[in-house]
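Residue-level listing of the chains:
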4 protein chains.
Amino acid sequence: MAEGSIAADELRLLIERIERLEEEKKAIADDVKDVYGEAKARGYDTKTMRMIVRLRKMDKNDRQEADALLEIYKAALGLE
Amino acid sequence: MAEGSIAADELRLLIERIERLEEEKKAIADDVKDVYGEAKARGYDTKTMRMIVRLRKMDKNDRQEADALLEIYKAALGLE
Amino acid sequence: MAEGSIAADELRLLIERIERLEEEKKAIADDVKDVYGEAKARGYDTKTMRMIVRLRKMDKNDRQEADALLEIYKAALGLE
Amino acid sequence: MAEGSIAADELRLLIERIERLEEEKKAIADDVKDVYGEAKARGYDTKTMRMIVRLRKMDKNDRQEADALLEIYKAALGLE
DNA sequence: ACGTTTGCGCTTTAGC
DNA sequence: GCTAAAGCGCAAACGT
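Criteria and cut-off values
Residues numbered from 1 in each chain as written. Chains lettered and ligands numbered in written order. Predicted model: local features only at pLDDT ≥ 70, side-chain atom pairs only at ≥ 80, totals over all residues. Heavy atoms only, no water. Helix = DSSP H or I, 4+ residues; strand = E, 2+ residues; numbered from the N terminus. Rg over C-alpha atoms; globule rule 2.2 N^0.38 Å. Buried < 20%, exposed > 50% of the residue type's maximum accessible area, 1.4 Å probe, protein only. Areas by Shrake-Rupley, 256 points an atom, 1.4 Å probe, with all protein chains shown as cover. Near = heavy atom within 4 Å. Polar contact = N/O pair within 3.5 Å; in protein donor to acceptor, adjacent residues only side chain to side chain. Nonpolar A, V, L, I, M, F, W, Y, C, P; charged D, E, K, R; others polar. Salt bridge = Lys/Arg side-chain N within 4 Å of Asp/Glu carboxyl O. Contact = heavy atoms within 4.5 Å. Buried area = accessible area lost by both parts, 1.4 Å probe. Domains from an automatic or database assignment.

*Asks:* What should I look at first to understand the overall build of chain A in this one?
*Replies:* Check the secondary structure of chain A and you find two helices and zero strands. For 80 residues, the compact-globule estimate of 2.2 N^0.38 gives 12 Å, and the C-alpha radius of gyration of chain A, at 23 Å, exceeds that figure by more than 25%. Overall, chain A is about 60 × 55 × 15 Å in size when its C-alpha atoms are taken along their principal axes. For chain A, with 80 residues in total, the buried portion stands at 29%. A total of about 5500 Å² of accessible surface is found on chain A, and carbon and sulfur atoms cover 53% of it.

*Asks:* How should I be thinking about the protein's contact with DNA strand E in this particular structure?
*Replies:* Close contacts around DNA strand E come from Lys33(A), Arg50(A), Lys25(C), Lys47(C), Arg50(C), Arg54(C), Lys25(D) and Arg54(D), and that covers them all. Sugar plus phosphate, as a fraction of atoms of DNA strand E within 4 Å of the protein: 100%. Separating a phosphate oxygen of DNA strand E from a side-chain N or O atom of Lys25(D) is a distance of 2.9 Å. In this structure, a phosphate oxygen belonging to DNA strand E sits 2.6 Å away from a side-chain N or O atom of Arg54(D). At three residues, the largest contribution of residues to the surface near DNA strand E is made by helix H2 (residues 46–57) of chain C. Residue classes in the surface near DNA strand E are distributed as no nonpolar, no polar and eight charged.

*Asks:* Help me out: how do you make sense of the pattern of salt bridges in this one?
*Replies:* Side chains that differ in charge, positive against negative, can pair when their charged atoms come close. Applying the stated criterion to the full structure yields 34 salt bridges over all chains. Here Lys74(C) makes a salt bridge to Glu71(C), at a shortest N to O gap of 3.7 Å. Placement of both Lys74(C) and Glu71(C) in helix H3 (residues 60–76) is noted, with a separation of three residues, approximately one turn of the helix. Among the salt bridges present, the one from Arg20(D) reaches Glu24(D), with a minimum N-O distance of 3.8 Å. On the criterion of helical spacing, the pair formed by Arg20(D) and Glu24(D) is a turn pair, its members being four residues apart in helix H1 (residues 2–41). For Glu24(D), a relative accessible area of 30% corresponds to the partly exposed category.

*Asks:* Help me out: how do you make sense of the interface of chain B and chain C in this one?
*Replies:* Accessible area lost on assembly of the parts is the figure often given for the size of an interface. With 17 residues of chain B in contact, the opposing surface of chain C contributes 17 residues. For the chain B and chain C pair, buried surface summed over both sides reaches about 1700 Å², with 71% attributable to carbon and sulfur atoms. It is Ile52(B), Tyr73(B) and Leu79(B) in chain B that bury the most area against chain C; as a group they hold 30% of the surface buried on that side. Counting every contact that joins chain B to chain C gives two residue pairs in polar contact (both at pLDDT 80 or more). Every element with two or more residues in the side of chain B that touches chain C is listed here: helix H2 (46–57) and helix H3 (60–76) of chain B. Counted by class, the side of chain B that touches chain C contains 10 nonpolar, one polar and six charged residues.

*Asks:* Can you help me understand the domain arrangement of chain A in this one?
*Replies:* Residues and elements named next belong to chain A. Once the domains are mapped, chain A shows domain 1 (1–44) and domain 2 (45–80). Taking the mean C-alpha position of each, domain 1 and domain 2 sit 29 Å from one another. Counting residues at the interface gives five residues for domain 1, matched by five residues for domain 2. Contact between domain 1 and domain 2 buries roughly 490 Å² in total, counting both sides, with carbon and sulfur atoms accounting for 69%. Across the contact surface, domain 1 and domain 2 share zero salt bridges. At the junction of domain 1 and domain 2, the tally comes to one residue pair in polar contact (both at pLDDT 80 or more). Broken down by class, the residue content of the side of domain 1 that touches domain 2 amounts to three nonpolar, one polar and one charged.

In structure tokens form, the structure reads like this:
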């Protein structure tokens, strides 16, 4: 069944693209680990560093959240 | 205190490297989502595709062992 | 403005009811975790158990259909 | 195999306890939905309400996060 | 009613 | 090995 074979090839290509991207992603995650390792070697406390990264991300999210809330309120009150 | 500033700069650079890497990682994760979206548009079942990706990531032996254990548990519970 | 206060109280009560319910929900989720912990202590594989729970939740037909589709995809990719 | 049967019963009981708890959890989730439905019927904007619930939870979490950060800093600086 | 989008829960992974 | 956090998948909720 030719159609089945063609579809199988298409499916395989899609799967392989995904797997390739996930490998790249993992490589970057490893880079992150390396940076923490380097920081640790220079005497920094990585636990504190992780907390800082996390808080900075949260601050950003909170700001977006606040904006979203404002939009919702405006919509709820019929403002534009 | 000059020394403190230098250390602060160093720490800041490390933090920024990490944040930059995490942004890249997120971009790739978005690419993965796009590929699944494309697959869906072509009529593939993405849920099954995700399972395939997971299975291919596993070693063949691990996969067969996990499967065997699941069969044992299913039998114990009368699940068919 | 009395009317505003009354509405504010009403809203507040609704919010509190929701928060109370979500706390109860979380307590039960913790109980579930405890049972899995107990199972693990008795030597069961919790990962497989979770899979069993998921399978039992599915209708038998759905389960068999999902399984059949997975086999088709696996065959298309030569996964054994 | 008697031992297998006994284990099967034990496993079944654990699974059933989990399933029972998850039913309770679902019932509570449905209650939450009902409260939102009631609020909507009284003219409240549920999207805004959901945001409020979420923000209140976040505030609580943020406070705990801040406490954790303080502890980490103290530990990093050798304070007690 | 359907499709899209967001939020929630679970799974898995990383650190201790 | 265990606990905690991050990432992912699913499902409900909203808008069209």
